[in-house]
Amino acid sequence: MNTASIEGKFSQKWHLKGLLITLLIGLIFWASVRDIGVETTFSWDQFWQLLAEMAHPDWSYFPVIVKPILQTIQMALVGTLLGTLLAVPFSFLAARNLVKNPWLRGLVRFFLNIIRAIPDLLLAALFVAIVGIGPMAGVCALTVFSFGMVSKLFYEAVETIDEGPSEALTAAGANTIQTIVFAVIPQVVNPFLSYFLYTLEINVRASTVLGYLGAGGVGLYLDQTLSMFRYDRTAVLILGILAVVLVVDSLSNHLREALA
Amino acid sequence: MQMSKEHGWRRARPWLIGLAVVLLYVWAFSGIPMNSIKSQALEVTHSILDGLFHPDWSYVYTGDGEDLIAALLETLAIAFLGTFFSAFLSVPFAFLAAKTKKGFQFKSSLGKTILTIIRVFPEIVLALMFIKAVGPGAYAGVLAVSIHSIGMLGKLFGEAIENIDRGPSEAIVAAGGSGLDALTLATLPTVLPEFMNYTLYRFEIAVRSAAILGIVGAGGIGAPLIFALQTRNWPRTGIVLLGIIVMVTVIDFLSGKIRQHLV
C-alpha cells in the first residue's frame, strides 16, 4: 500500500499521464503530416486571384439562381417532413421507458446508429445512383439523413418525459397504444416540433451542396460555375446561399424560442 | 368588444398556422417531380444491398497504398490535422465573439457575424478553392476542414468563455496581475476542458466531412467511393461504405468515452 502511494506520487510528480497523452498526440500529428505530405507549397497568387474574382460578384447571374435556390428550400422542407414522420415510430421503439425488451431496443438503436454514420453527401451520391439525377435523389438523401438524426433526438426526448400520466393511464386499464396517444405524445409535441425546426436548418444548409452530385437544387450551379472558372458567379451563388441560410436560421430560432 | 376580438384571434390562430404550414408544403411538394424515378431504381438498390452483403474483401489491404485501409487512414489524418489546426485558429475568434459585458458590444457582434459567415460557407467550395491553390490531394482537404471548423468551434468556444466565473480573473487583476496573467492563470485553465470536449466533438464531425471531401478531389475515402459508384462496381461500393460506417462508429465511440472523462 505504501509503495502504491509512492508510485502514485511518482507518476503524478513527473506528470506521466499528461506526458503520455502529449506524446501520443504528437505521434498522431507526425504520422498524419507524413501521410498527407504537407510540404506542398501554397500558391498564394492563384488563391488571391481567385479571391479577387470572387470579390466582384456578377449580379446579372442572380435571376438564374432564384429558382434553384427555391427548389433547395423545397427539397429541405419535404426531406425534413418525410424523415421526421419516419422517425416517430422508430423513436418510440428505441425509447427505454416504452419498449422494455432490450433486444428489440438494441436492434433498433443499432440500425439507427448505422444510418447516422453515413455522411449526407454520401447518401446523395448513393441516391443519385439509385433514383437518377434530379431533386428526387436529394429528397431521398435528406429524408434518410434527417431520419437518422431526428430519431436519436426524439427517443432522448421520449426518455425524459414524466412517467406519472402514463402510469396513471396504465393503472386505469389503458393499453400501450392508448398510453402513447394520451400520455406520451402530448408531452413530446413541443420538443418534437423544436427538433423538427432544428433539422430543417441543418437540411437547408446540406441541400445547398447536394446538387453538386446531381441531387437537385442550387448545388448543380456551384459545380457548373466552378468548372467554368466563373468565380464571380460562384460568389453570387454563395451570397444567395448565405442569405437563405441566415433567413431560415433566424426564423427557425424565433419559432423555437416561442415553442420552448 | 376588444375582448371578443382577442378571443376570436386566439381561436383562429392555430387554424391559420395550420393553413400556412399546409400551403407551404403544397408549394414544397410541387417543386419535386415525383415521376422522375428511374425505372431500374429497384434493381440498383438490390445491387447496392447485394454489394453490401458481398463486399469486395480483396480491396481492404493490397499493400500498394491504393487500398481501403490507406484511404481510411488518410481520411482520419485529414480530420485530425484539420481539427488540430482549427482548434488553435478558433481561439482568437472565440475571444472576439465572446460577450463579456452587459448590453451591446461591437466586438462580440462582429465576431459572431464572422463566425456565422464561416459556418455557412460550403465546405466543398472551400475545398475547391484550396485545390486551386495547392493542387488536388489531402492537403487541400486539411485546409478546408481547418477553415470550416473555425465557424463552429469559435462559436462553441466563445459560449464557453461567456459562461465562466469571472471571479478568479478579477481577483488576479485586483492583486496587481496583468491582463495576460488573468488570461493564462484564470481564464484558460477554466475553459480548457470544455475546449477539448468541443474539439473532440468537432473531430467526430470532421471525420464525416473528410470522408466526402474526396468527391471533389481533396483526398480521403471519397474519391474511391465516387469512382466505384460511377463504374457501378457494387462490391467495391459495399466495402467502402462498410469501411466508412465502421470508421465513423469507432471514432464516435472512442471520442464519446474520452469526452465522458473530460466533463
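Residues numbered from 1 in each chain as written. Chains lettered and ligands numbered in written order. Predicted model: local features only at pLDDT ≥ 70, side-chain atom pairs only at ≥ 80, totals over all residues. Heavy atoms only, no water.

Focus: the overall build of chain B
Summing up its helical and strand segments, chain B has 10 helices and 0 strands in all. Ordered by position in the sequence, the α and β elements of chain B form the string α-α-α-α-α-α-α-α-α-α. Taking 18 Å as the expected radius of gyration for a compact globule of 263 residues, we find that chain B reaches 25 Å, considerably beyond that expectation. For chain B, the spread of C-alpha atoms along the three principal axes comes to 70 × 65 × 40 Å. Residues classed as buried in chain B amount to 45% of the 263 residues present. Considering only contacts in chain B between residues 6 or more positions apart, those separated by 24 or more positions represent 72%. Surface exposure of chain B reaches about 13800 Å², of which carbon and sulfur atoms provide 68%. Of the charged side chains in chain B, 20 are positive and 17 negative; the average position of the first set lies 15 Å away from that of the second. (Helix = DSSP H or I, 4+ residues; strand = E, 2+ residues; numbered from the N terminus. Rg over C-alpha atoms; globule rule 2.2 N^0.38 Å. Buried < 20%, exposed > 50% of the residue type's maximum accessible area, 1.4 Å probe, protein only. Contact = heavy atoms within 4.5 Å. Areas by Shrake-Rupley, 256 points an atom, 1.4 Å probe, with all protein chains shown as cover. Lys, Arg positive; Asp, Glu negative; His and termini not counted. Charge placed at Lys NZ, Arg CZ, Asp CG, Glu CD.)

A closer look at the pattern of salt bridges
When the charged atoms of two side chains lie near each other, side chains of opposite charge can form a pair. All names here are of chain A. Here the structure, examined in full by the defined rule, presents 12 salt bridges over all chains. Of the charged contacts, one joins R233 and D58 as a salt bridge, the two residues approaching to 3.2 Å between their closest N and O atoms. Taken together, the residues span a long stretch of sequence, with R233 in helix α11 (residues 231-259) and D58 in the loop between α3 (44-54) and α4 (62-94) at a distance of 175 residues. Overall, D58 belongs to the buried group, its relative accessible area being 14%. With its nearest N and O atoms 3.2 Å apart, the salt bridge here joins R230 to D232. The partly exposed category is assigned to R230, whose relative accessible area is 30%. Connected through shared salt-bridge partners, D58, R230, D232 and R233 make up one network. (Salt bridge = Lys/Arg side-chain N within 4 Å of Asp/Glu carboxyl O.)

Remarks on the UniProt feature "transmembrane region" (unreviewed entry) in chain A
All names here are of chain A. UniProt records the feature "transmembrane region" (unreviewed entry) at residues 14-33, 73-95, 176-198 and 234-252, using the numbering of this structure. Across residues 14-33, the secondary structure splits into 90% helix and 0% strand, with the terminal C-alpha atoms separated by 29 Å. Secondary structure content for residues 73-95 is 96% helix and 0% strand, and the end C-alpha separation is 31 Å. (UniProt positions renumbered as here; feature names shortened; annotations may be inferred.)

Some points on the interface of chain A and chain B
Chain A puts 56 residues into the contact, and the matching count from chain B is 59 residues. Carbon and sulfur atoms supply 82% of the area that chain A and chain B bury against each other, a total of about 5000 Å² over both sides. Among the residues chain A hides against chain B, the three largest losses belong to A:I36, A:Q74 and A:I130. Together they make up 12% of the total. Summed over the shared surface of chain A and chain B, the number is 0 salt bridges. Inspection of the chain A/chain B interface yields 3 residue pairs in polar contact (both at pLDDT 80 or more). Counted by class, the side of chain A that touches chain B contains 44 nonpolar, 8 polar and 4 charged residues. (Buried area = accessible area lost by both parts, 1.4 Å probe. Polar contact = N/O pair within 3.5 Å; in protein donor to acceptor, adjacent residues only side chain to side chain. Nonpolar A, V, L, I, M, F, W, Y, C, P; charged D, E, K, R; others polar.)

A closer look at the UniProt feature "domain: ABC transmembrane type-1" (unreviewed entry) in chain A
UniProt's feature table lists "domain: ABC transmembrane type-1" (unreviewed entry) at residues 69-252 of chain A, given in the numbering used throughout. Split by type, residues 69-252 of chain A is 83% helix and 0% strand. Its first and last C-alpha atoms lie 18 Å apart.

Some words on the packing of helix α8 (residues 179-213) of chain B against helix α10 (residues 234-262) of chain B
All names here are of chain B. At their nearest, the axes of α8 and α10 sit 10 Å apart, and the two run at 175 degrees to each other. Accordingly, the angle class assigned to the pair α8 and α10 is roughly antiparallel. Mapping the contact onto sequence places P193, M196, N197, L200, Y201, F203, E204, V207, R208 and A211 in α8 and I244, M247, V248, I251, D252, S255, G256, I258, R259 and L262 in α10. Along the lines of polarity and charge, the residues of the contact of α8 with α10 split into 13 nonpolar, 3 polar and 4 charged. (Axes fitted to C-alpha atoms, helices over the stretch in contact; angles between N-to-C directions. Parallel < 35°, antiparallel > 145°, perpendicular 65-115°, else oblique.)

Observations regarding the UniProt feature "domain: ABC transmembrane type-1" (unreviewed entry) in chain B
Using the residue numbers shown here, the UniProt feature "domain: ABC transmembrane type-1" (unreviewed entry) corresponds to residues 72-255 of chain B. Annotated as 83% helix and 0% strand, the span residues 72-255 of chain B places its first and last C-alpha atoms 17 Å apart.

Some thoughts on the nonpolar core
Within soluble globular proteins, side chains that are nonpolar generally end up buried alongside one another. Residues A:I36, A:M54, A:L122, B:V216, B:I221 and B:V240 are the most contacted members of the largest nonpolar core, which totals 112 residues. Broken down by element, the residue count for this core peaks at 11 residues, all from helix α6 (residues 120-131) of chain A. Built from parts of two domains, this core gets at least three residues from each of domain 1 (1-36) and domain 2 (52-262) of chain B. Once you skip the residues sitting within four places of it in the chain, A:M54 turns out to touch A:Y231, A:T234, A:A235, A:I238, B:F121 and B:M129. (Core = buried A, V, L, I, M, F, W, Y, C linked by side-chain atoms within 4.5 Å. Domains from an automatic or database assignment.)

A closer look at unusual backbone geometry
With a phi angle near 60 degrees, A:F229 is a residue other than glycine that sits in the positive phi range. Within the fold, A:F229 resides in the loop between α10 (219-227) and α11. One non-glycine residue, B:R232, lies in positive phi territory at about 55 degrees. Along the polypeptide, B:R232 turns up in the loop between α9 (222-230) and α10. Look at B:R232 and you get partly exposed, because its relative accessible area is 42%.

Notes on a nonpolar patch on the surface
A contiguous nonpolar patch, built from A:W59, A:F62, A:V66, A:L70, A:L239, B:L24 and B:W27 and spanning about 610 Å² of accessible area, is present on the exposed surface. Mapped by element, the contributors of at least two residues to the nonpolar patch are α4 of chain A together with α1 (2-30) of chain B. With 3 residues, the single largest contributor to the nonpolar patch is α4(A). Structurally, A:L70 can be placed in helix α4. (Patch = residues over 30% accessible without salt bridge, like charges linked within 9 Å, V, L, I, M, F, W, Y side chains within 5 Å.)

A short note on the UniProt feature "transmembrane region" (unreviewed entry) in chain B
Residue and element names in this part refer to chain B. What UniProt calls "transmembrane region" (unreviewed entry) maps, in this numbering, to residues 12-32, 76-98, 205-228 and 234-254. Secondary structure within residues 76-98 divides into 96% helix and 0% strand; the distance between the first and last C-alpha atoms comes to 31 Å. Counting secondary structure, residues 205-228 comes out at 67% helix and 0% strand; the distance between its end C-alpha atoms is 24 Å.

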